[in-house]
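Take a look at the letters that make up each chain.
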Amino acid sequence: MPTLDFFFSNVKLPTLSEVAHALINTLNDDNSSVQQVSDLIARDPAMTAKLLRLANSAAFGLPRGVSSIDDAISLVGMSKVRTLSMASCLCDAFPLLPGLDPREFWSTSMATAGYAQWMAKGIGADSQQAWLTGMMLRLGELLIGQADPVVLKEIEKMPHLPGGRWEREKNLSGFSEGQITGELARRWNFPVEIVTALQQSFDPLSHRPFSRLAAIVHLSGLLADTPHATVKALDDLPEDLVRALLMDGEWLHAKFPNEDTFIRMQ
């Protein structure tokens with residue numbers, strides 16, 4: 001039976017910038033100030049430029065243009081600005097591999113993030129933490145592909161039924177992408193809530209204590225894997241997991257989001 005330590009001994013960890021590591025540290029620090037986060041982001045001109053482009057995108061619907069980090073924080077909020085900056089760092093750290101469609105990969109990742117943020121809001125959980133965790137879910141697949149391109153090719157065979165990729169990953173590599181991303185997040189010192197949620201996202205109900213964030217990420221991943229998902233996709237979600245989250249069925253159907261409103265990193 002393979003172990004995660006053995007798996008990670010055969011891959012090269014993506015390199016995060018100094019700014020990215022500093023931002024991760026602020027995720028673990030409840031006393032991080034707006035100025036501290038702003039100053040960190042300002043140290044990376046490329047990240048700053050991408051952040052301002054994102055903040056000015058239609059997804060935010062801001063009443064006016066954003067021209068500085070402080071401006072973005074005042075209009076969007078520090079938590080969202082920090083989360084977007086972290087996501088930008090992660091995108092830059094992971095080169096895509098042959099056999100993966102970059103547009104499909106990041107589109108699915110951002111859809112998972114968007115659905116996770118939406119669900120978290122519905123149960124009063126931390127929506128920005130959910131967004132970042134959902135965005136990270138598929139990163140483990142990139143490490144699987146680095147370890148064995150042949151396995152990646154098998155994982156990516158069509159059709160892609162919701163949840164089917166996770167089953168292929170488990171059968172072919174011994175791990176789901178969430179388990180691998182969770183271990184990567186642990187090694188990078190991400191908050192324990194994010195690490196645990198990713199590690200347990202393949203089968204949230206089999207773990208105690210139950211992680212609401214893991215359940216959110218699991219359900220969001222299923223929706224993101226549903227092409228052109230409509231409100232009808234909610235009927236195909238595992239009922240036991242929806243019940244465990246105490247989700248309001250009427251709210252889910254009434255507030256189901258359109259993928260076109262999700263943030264796009266690429």
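Please refer to the structure higher up on the page.
One structure accompanies this document, and this report is about it. (Residues numbered from 1 in each chain as written. Predicted model: local features only at pLDDT ≥ 70, side-chain atom pairs only at ≥ 80, totals over all residues. Heavy atoms only, no water.)

For any two aromatic rings, the description comes down to two numbers: the centre-to-centre distance and the angle of the planes. Inspection of every chain in the model, using the stated rule, returns 9 aromatic pairs. Where phenylalanine 7 meets phenylalanine 8, the ring centres are 5.6 Å apart and the plane angle is 75 degrees; that geometry is what we call edge-to-face. Exposure remark for phenylalanine 7: the relative accessible area of 9% places this residue in the buried category. Between tryptophan 118 and phenylalanine 256 the ring centres are 5.6 Å apart and the planes differ by 85 degrees, which places this aromatic pair in the edge-to-face class. (Phe/Tyr/Trp six-rings, centres within 6.5 Å; stacked < 30°, edge-to-face > 60°. Buried < 20%, exposed > 50% of the residue type's maximum accessible area, 1.4 Å probe, protein only.)

Turning next to unusual backbone geometry. Omega for the peptide link from methionine 158 to proline 159 comes to 0 degrees, which places this bond in the cis form. With respect to the helices, strands and loops of the structure, proline 159 is situated in the loop between α10 (149-155) and α11 (164-173). The omega torsion of the bond from arginine 208 to proline 209 falls at 0 degrees, within 30 degrees of zero and hence cis. Position of proline 209 relative to the elements: it lies in the loop between α13 (192-200) and α14 (212-224). Its identity is not glycine, yet asparagine 189 carries a phi of approximately 70 degrees, on the positive side. Within the secondary structure, asparagine 189 is located in the loop between α12 (177-187) and α13. You can call asparagine 189 partly exposed: its relative accessible area is 44%. (Helix = DSSP H or I, 4+ residues; strand = E, 2+ residues; numbered from the N terminus.)

This structure, assessed with the given rule, holds 15 salt bridges. Linking arginine 138 and glutamate 104 is a salt bridge whose minimum nitrogen-to-oxygen distance equals 3.1 Å. Pair noted here: arginine 138 is in the loop between α8 (127-136) and α9 (139-147) and glutamate 104 is in helix α7 (residues 102-122), with a separation of 34 residues, a long-range link. Given a relative accessible area of 25%, glutamate 104 falls into the partly exposed group. The partner of aspartate 225 in a salt bridge is arginine 165, and the shortest N-O contact between them spans 3.3 Å. Taken as a pair, aspartate 225 in the loop between α14 and α15 (239-244) and arginine 165 in helix α11 lie far apart in primary sequence, 60 residues in all. Here the residues in one salt-bridge network are Glu104, Arg138, Glu141, Glu156, Arg165, Glu169, Glu177 and Asp225, joined through shared partners. (Salt bridge = Lys/Arg side-chain N within 4 Å of Asp/Glu carboxyl O.)

Now for the nonpolar core. Core analysis: the biggest nonpolar cluster contains 91 residues, and Leu90, Phe94, Tyr115, Met135, Met136, Phe190 and Leu223 have the highest contact counts within it. Per-element tally for this core: the top contributor is α7, with 10 residues. When residues no more than four places from it in sequence are discounted, the contact partners of tyrosine 115 are Ser220, Leu223, Ala224, Ala229, Phe256, Pro257, Glu259 and Phe262. (Core = buried A, V, L, I, M, F, W, Y, C linked by side-chain atoms within 4.5 Å. Contact = heavy atoms within 4.5 Å.)

Glancing now at α14. For α14, with 13 residues, the first-to-last C-alpha span of 18 Å sits near the 18 Å given by 1.5 Å per residue. For α14, the buried fraction is high: 12 of the 13 residues fall into the buried class. For α14, the complete set of buried residues consists of Leu213, Ala214, Ala215, Ile216, Val217, His218, Leu219, Ser220, Gly221, Leu222, Leu223 and Ala224. In this structure, the buried side of α14 is in contact with α7, α8, α11, α13 and α15. (Expected span 1.5 Å × (residues − 1).)

Turning our attention to the side chain of glutamine 179. Along the polypeptide, glutamine 179 turns up in helix α12. A polar atom in the side chain of glutamine 179 sits 2.9 Å from the backbone nitrogen of serine 176. (Polar contact = N/O pair within 3.5 Å; in protein donor to acceptor, adjacent residues only side chain to side chain.)

A complete count under the given rule lists 0 disulfides for this structure. In this structure cysteine 89 is a free cysteine whose sulfur lies 9.3 Å from that of cysteine 91, the closest cysteine sulfur available. A relative accessible area of 7% places cysteine 91 in the buried class. (Disulfide = S-S within 2.5 Å.)

Before going further, it helps to spend a moment on the environment of leucine 234. Counting through the fold element by element, leucine 234 comes out in the loop between α14 and α15. Each C-alpha atom of the pair leucine 234 and leucine 222 lies 9.7 Å from the other, and the pair is 12 residues apart in sequence. Ignoring anything within four residues of it in the chain, the contact list for leucine 234 reads Trp118, Leu223, Leu252, His253 and Phe256.

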